[in-house]
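Spelled out, the chains give:
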Amino acid sequence: MKKQTLVKLMSTAMVSSLVLTACGGGSTAQPSTDKPADQGATEENKAPQVLRLNINSEPPTLDPGLAEDSTSGTLIRQMFEGLTRIGEDENPHEAAAEKIEVSEDLKTYTFTIRENAKWSNGDPVTAYDFEYAWERVLAPETAANYAYQLYVIKNAEKFNKGEIKDVNEVGIKATDERTLVVELENPTPYFLELTAFYTYMPVNKNIVEANKDWANDATDKYVSNGAFKLDKWEHNNIAEIVKNDQYWDADKVQLDRITFAMIEDHATAFNMFENGELDWAGAPTSDLPTDAIPTLKDQGRLNIYPIAGTYWYKFQTEKPPFNNVKMRKAFAYAMDRQTIIDNVTQADQIPAMGAVPPTMGLKNEGYFKDNDLETAKKLFDEGLQELGMTKEELDVTLSYNTSESHQKIAQAIQDQWKKAFGIDVKLENMEWKVYLEEMHSGNYQVGRMGWLGDFNDPINFLELYKDKYGGNNDTLWENADFQRLLGESAVEADPDKRKQILAQAEQILMDEMPIAPIYFYTKSYVKDDKVKGVLLHGLGDVDYKYAYIE
């Protein structure tokens, strides 16, 4: 078998180029900031190496196998490390694995774990830890909503869905302490991006099996293998992580401590930044108060960067009136996205008339018109007739998680629907963890959600809706033709043909409209100039490994 050593993949190039594109207003951030780590803080730099941030809310979990949201993901990415890590160039590089070999048919990957890779308690990180972690995610009893991220691995989907019972049939095999061999279903060009994602990160088998609640508190039972380790977790108040001296690349880590306050009110967090109590306000761990954005733009203090992500509303497709496709399309078409961007979010977002961000280029012109009131009203009337209802009988609630910006967007859309259809839509907000549970349980009618790319491929946005009960679907929508097209895309080797197949799938998604795209994300923030070296990735996540205080 001919093998080649991989240093990087090129599939993230589109994301990187997007980030380098200028935005109007404020200044434009780059995917990374300031100096490379080896040019950062020095022995002469005596500034306290403590970074103070706001993460907005309590993370639902700090278990990488169960995490599914950006709040949890932000902390986990700092404390754990996968086989690969996304670098400043937006490409995956060797991380916990020091060598990666791929077979000639591109379906078998052999990872060699670093000899000096250790857990924060000093245990060696082994190939068995990865094997255990991935099989744990796939085990049906784990009920991991992100298990489908591993479906590119041979027989992973069948095992997760209970169609096969023997885990040894899954293409994950630790052949010794340092060698992990992975067989894929098909050549997967983004696989080394996946191995940098938190669902693919290892857990310490001994720790997990000894204590099922190991990830719920900051105790000596919480061990990680990344640049930082958990030191303090006061639930709903603050989490603190400190440098992990056992980390194989600890010499590159300059921050001693990062504090994550959990302040839901964006104005309060921004005032703390202005008072010097926080070093950073806004994205990627929180949001700025929308009222402050115009002034910050005028002052030239605002940093804005586009990312591969979509802000959308989901429809529960089994509850009236959104069990009717014409009603779903009517509510989606009646939104005036540009007005929301101009008057509410104000951070140069792009109106979204499709699910897949333009960086991934399926159909950048979109699938429908923004603010198409004429079509919306026609579909609304037809939908009511098909449902056998009058508009006076409609009882619609729009749900969102507690946040000033989500609230203002919901209020604006509530007003737009009132003007379009003459109906009163109720608003309902919930704390983040409760909100996620309600969405996953289908206990909503219209619910806010968004999606930031886990890797730079359209499939990451489309596969959410492949299965009715998929972990992050929430809409209960499923379509056989859509499923067929996603299946065909997995085996299509020609990139142009694969893109056409995925565009056909997105067309079905927009024709059926289980989701109403609103805008493609940008991120905006202000920071203290002394903060250097933070890596802001084009997919919206952040890496503090190389950060320092000047």
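Computed from a prediction, not measured in an experiment: that's the story for all the values here. (Residues numbered from 1 in each chain as written. Predicted model: local features only at pLDDT ≥ 70, side-chain atom pairs only at ≥ 80, totals over all residues. Heavy atoms only, no water.)

Draft legend 1. Structural context of the overall build of the chain. Helix and strand counts for the chain come out as 16 helices and 23 strands. Computed over C-alpha atoms, the radius of gyration of the chain comes to 23 Å, within 12% of the 24 Å expected from 2.2 N^0.38 for 550 residues, which places it in the range of a compact globule. If one aligns the C-alpha atoms of the chain with their principal axes, the spans along those axes are about 70 × 55 × 45 Å. Burial statistics for the chain: of 550 residues in total, 60% are counted as buried. Taking all contacts inside the chain whose residues are at least 6 apart in sequence as the whole, residues at least 24 apart take part in 71%. (Helix = DSSP H or I, 4+ residues; strand = E, 2+ residues; numbered from the N terminus. Rg over C-alpha atoms; globule rule 2.2 N^0.38 Å. Buried < 20%, exposed > 50% of the residue type's maximum accessible area, 1.4 Å probe, protein only. Contact = heavy atoms within 4.5 Å.)

Draft legend 2. Spatial organisation of the packing of aromatic side chains. Enumeration over the complete set of coordinates arrives at 33 aromatic pairs. Here Phe 331 and Phe 421 contribute two aromatic rings whose centre-to-centre distance is 5.1 Å and whose plane-to-plane angle is 40°, an arrangement assigned as tilted. Highlighted residues: Phe 331 in helix H9 (residues 325-333) and Phe 421 in helix H12 (residues 404-421), separated in sequence by 90 residues. Since its relative accessible area comes to 0%, Phe 331 is described here as buried. If you follow Arg 114 out to its NZ or CZ, it ends over the ring of Trp 248, 3.6 Å from the centre. Taking NZ or CZ as reference, Lys 523 lies 5.3 Å from the ring centre of Tyr 521, over its face. (Phe/Tyr/Trp six-rings, centres within 6.5 Å; stacked < 30°, edge-to-face > 60°. Lys NZ or Arg CZ within 6 Å of the ring centre and 35° of its normal.)

Draft legend 3. Layout of the sheet that holds strand E12 (residues 257-261). The strand order E3-E12-E11-E10 describes an open sheet built from four strands, whose pairing is mixed. Single-partner strands in this sheet number two, and they are strand E3 (50-54) and strand E10 (228-234). Along the sheet, successive strands turn relative to each other by an average axial angle of 15°, direction set aside. With five bridges connecting them, strand E11 (residues 238-243) and E12 associate as antiparallel partners. Opposite Ile 238, over in E12, you have Ala 261 as the bridge partner. (Pairing = 2+ DSSP bridges. Axes fitted to C-alpha atoms, helices over the stretch in contact; angles between N-to-C directions.)

Draft legend 4. Summary view of the pattern of salt bridges. Going through the model one piece at a time under the given rule, you end up with 33 salt bridges. Glu 183 serves as the salt-bridge partner of Lys 154, at 3.9 Å between the closest nitrogen and oxygen. Taken together, the residues span a long stretch of sequence, with Lys 154 in the loop between helix H3 (127-138) and helix H4 (156-160) and Glu 183 in strand E9 (residues 179-183) at a distance of 29 residues. The class for Lys 154 is partly exposed, based on a relative accessible area of 34%. A single network of salt bridges, built from pairs that share partners, joins Asp 231, Lys 232, Glu 234, Glu 240 and Arg 257. (Salt bridge = Lys/Arg side-chain N within 4 Å of Asp/Glu carboxyl O.)

Draft legend 5. Main features of the nonpolar core. Within the largest apolar cluster, 157 residues are counted, with the highest numbers of intra-cluster contacts made by Trp 134, Ile 153, Phe 191, Tyr 313 and Trp 417. If sequence neighbours within four positions are ignored, Trp 417 has contacts with Tyr 313, Phe 331, Ala 334, Met 335, Leu 398, Gly 422, Ile 423, Val 425 and Val 446. Within the second largest apolar cluster, 15 residues are counted, among which are Ala 269, Met 272, Leu 288 and Leu 302. (Core = buried A, V, L, I, M, F, W, Y, C linked by side-chain atoms within 4.5 Å.)

Draft legend 6. Main features of the pairing of strand E17 (residues 426-430). Pairing geometry for strand E16 (residues 397-401) and E17, over five bridges, is parallel. Residue Leu 398 lies in a different strand from E17, and its bridge partner there is Leu 427. Handedness of the crossover joining E16 and E17 through H12: right-handed. (Right-handed = clockwise from strand over helix to strand, strands pointing away.)

Draft legend 7. Local environment of the pairing of E16. Counting buried positions over the five residues of E16 gives five, a clear majority of the element. In terms of strand pairing, E16 meets strand E18 (residues 446-452) through two bridges, oriented parallel. Within E18, the position partnered with Ser 399 by the bridge is Gly 447.

Draft legend 8. Fine view of the side chain of Thr 108. When you line up the elements, Thr 108 lands in strand E7 (residues 108-113). With near-sequence residues (within four places) excluded, Thr 108 lies in contact with Glu 101, Val 102, Ser 103, Val 181, Val 182 and Glu 183.

Draft legend 9. Quick look at the side chain of Gln 316. For Gln 316, the location among the structural elements is in the loop between strand E14 (303-315) and H9. Classification of Gln 316 as buried rests on a relative accessible area of 5%. Separated by 3.2 Å, the side chain of Gln 316 and the backbone oxygen of Gly 442 make a polar contact. Excluding its chain neighbours within four sequence positions, the residues that come into contact with Gln 316 are Phe 322, Asn 323, Gly 442, Tyr 444, Gln 445, Thr 475 and Leu 476. (Polar contact = N/O pair within 3.5 Å; in protein donor to acceptor, adjacent residues only side chain to side chain.)

Draft legend 10. Molecular detail of H9. Summarising burial for H9: seven of the nine residues are buried, a large majority. Residues of H9 that are buried include every one of Met 327, Arg 328, Lys 329, Ala 330, Phe 331, Ala 332 and Tyr 333, and no others. Contacts from the buried residues of H9 go to E14, helix H10 (337-345), helix H11 (373-387), H12, helix H16 (495-512) and strand E19 (515-527). Among the residues of H9, the N-terminal cap falls to Asn 324, whose side-chain oxygen and the backbone nitrogen of Lys 326 are separated by 2.9 Å.

Draft legend 11. Up close: the confidence of the model for the chain. In the predicted model, the chain carries a mean pLDDT of 91, and 92% of its residues have values of at least 70. Below a pLDDT of 50 lies the segment residues 1-39, which in the model reaches 110 contacts outside its immediate sequence neighbourhood of four places, other chains included. (pLDDT = per-residue confidence, 0-100.)

Draft legend 12. Looking closely at H3. Taking 1.5 Å per residue, 12 residues should reach 16 Å; H3 reaches 17 Å between its end C-alpha atoms and fits that length. Burial of H3 is extensive: 11 of the 12 residues sit out of reach of the surface. What H3 keeps buried is the set Ala 127, Asp 129, Phe 130, Glu 131, Tyr 132, Ala 133, Trp 134, Glu 135, Arg 136, Val 137 and Leu 138. Looking at the packing, one finds that the buried side of H3 touches E7, H4, strand E8 (172-176), E9 and helix H6 (205-210). (Expected span 1.5 Å × (residues − 1).)

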